[in-house]
Amino acid sequence: MNQIFGGWLNSYLDYFGIGYKHPVVEKKDRNLKYKKIVRVKGPLWSGIDDYDEMLKYFKKALPKTDKGTLVILENALRIHPFQTIPWFQEGKLKRDVFSEIQQEISQNFNDQHSIRVTKSNRPLEVALHINRGTDYNREKFPQHFTSPFAVRYMFGMDYYENILIHIEKAFGIDNVVSRIYTEKENSEDILERFDRRKNTTVLIGSNREEKNYDQIHSIFKSFVEADILVCSNSSFSVMCAYYRKDKKTVYHPHLQLKHLPEPNYLKTDQEGNLSIELLQQEVKTTLFDVSPIKAMIR
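This write-up is about the structure you can find in this document. (Residues numbered from 1 in each chain as written. Predicted model: local features only at pLDDT ≥ 70, side-chain atom pairs only at ≥ 80, totals over all residues. Heavy atoms only, no water.)

**A look at the layout of surface pockets**
Rolled over the atoms, a probe as big as a water molecule pinpoints where empty space is left.
Okay, step 1: Taken as a whole, the second largest pocket holds about 470 Å³ of empty space.
Okay, step 2: Every element with two or more residues in the lining of the second largest pocket is listed here: α4 (97-113) and α7 (213-225).
Okay, step 3: Here the lining of the second largest pocket gets 4 residues from one element, more than from any other, and that element is α4.
Okay, step 4: Classifying every residue of the lining of the second largest pocket by side-chain character gives 6 nonpolar, 6 polar and 9 charged. (1 Å grid on protein atoms, 1.4 Å probe; cavity = no way out; pocket = protein on both sides within 12 Å on 5 of 7 lines; lining within 4 Å. Points joined across faces, edges and corners; volume = space filled by probe spheres on them. Helix = DSSP H or I, 4+ residues; strand = E, 2+ residues; numbered from the N terminus. Nonpolar A, V, L, I, M, F, W, Y, C, P; charged D, E, K, R; others polar.)

**Some words on the pairing of strand β4 (residues 176-183)**
Okay, step 1: A large share of β4 lies buried, amounting to 6 of its 8 residues.
Okay, step 2: In this sheet, β4 lies alongside strand β3 (residues 124-129) in parallel orientation, the contact comprising 6 bridges. Bridging from a neighbouring strand, L124 pairs with V176 of β4.
Okay, step 3: Once you follow β3 into helix α5 (residues 157-171) and on to β4, the crossover reads as right-handed.
Okay, step 4: Strand direction decides the pairing type here: β4 and strand β5 (residues 200-205), joined by 6 bridges, are parallel. If you follow E183 over to β5, its bridge partner there is G205.
Okay, step 5: Note on the crossover from β4 through helix α6 (residues 188-194) to β5: the handedness is right-handed. (Buried < 20%, exposed > 50% of the residue type's maximum accessible area, 1.4 Å probe, protein only. Pairing = 2+ DSSP bridges. Right-handed = clockwise from strand over helix to strand, strands pointing away.)

Printed below as a string of structure tokens:
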């Protein structure tokens, strides 16, 4: 069973480097190269949290190892990297899959795009993502306004400003420069709250329906380069959290992002409070202190 990347449906996704340095087999060549093609279909939008349930699902879905078989996982069939963290800590996985993924995609992205490093004599750069756009519609998407643990939950302005206040308390207000990123649609309350805030810039992007891919790439790179990234409950900034090896990322735990290791990742409560002490701690190059052997002995 081979691991290949067979060309993206949307070429703009190549920018993110998921298939970088991996063998590529074009769609037209698959039948020539492989004796058998097996398609395993989703969706599993939120992945699988339970390890035994995951094993059961894929043992049933996947064929036995065979070099002549190509397995295609499609239609949002997901296991989120964060879901492997408790499996590793509990000794169910021998490898630290989360750290391996983070290392590989962070390095690949840097190799492709030459990530800028903030100089020590410059202010700390904060990139803060506020999800809005067409998702900000209570009538059409009431689930986006029910719980902060939900995907695409719409936090209010107090939440985001409280996070900035905590960061400024940790490092000094004049040592922090914040840039807020959002879409044009439904951005009015963001501009009203932050447009004249000290050391803060609001950057209004195109609406996602416009598919301005150059702009998407530029913003994503800015998220990766920032000293601190503040995620919203949005797949755009959530995905970026995996690219930020040895950097600080702030997030609210929710269905598609949780269990992340401190102090590199800092969780907030629903009011935007977070630990100033953890903010001030140096990032760890080794994310987990618990080895799978230690976990099995407990």
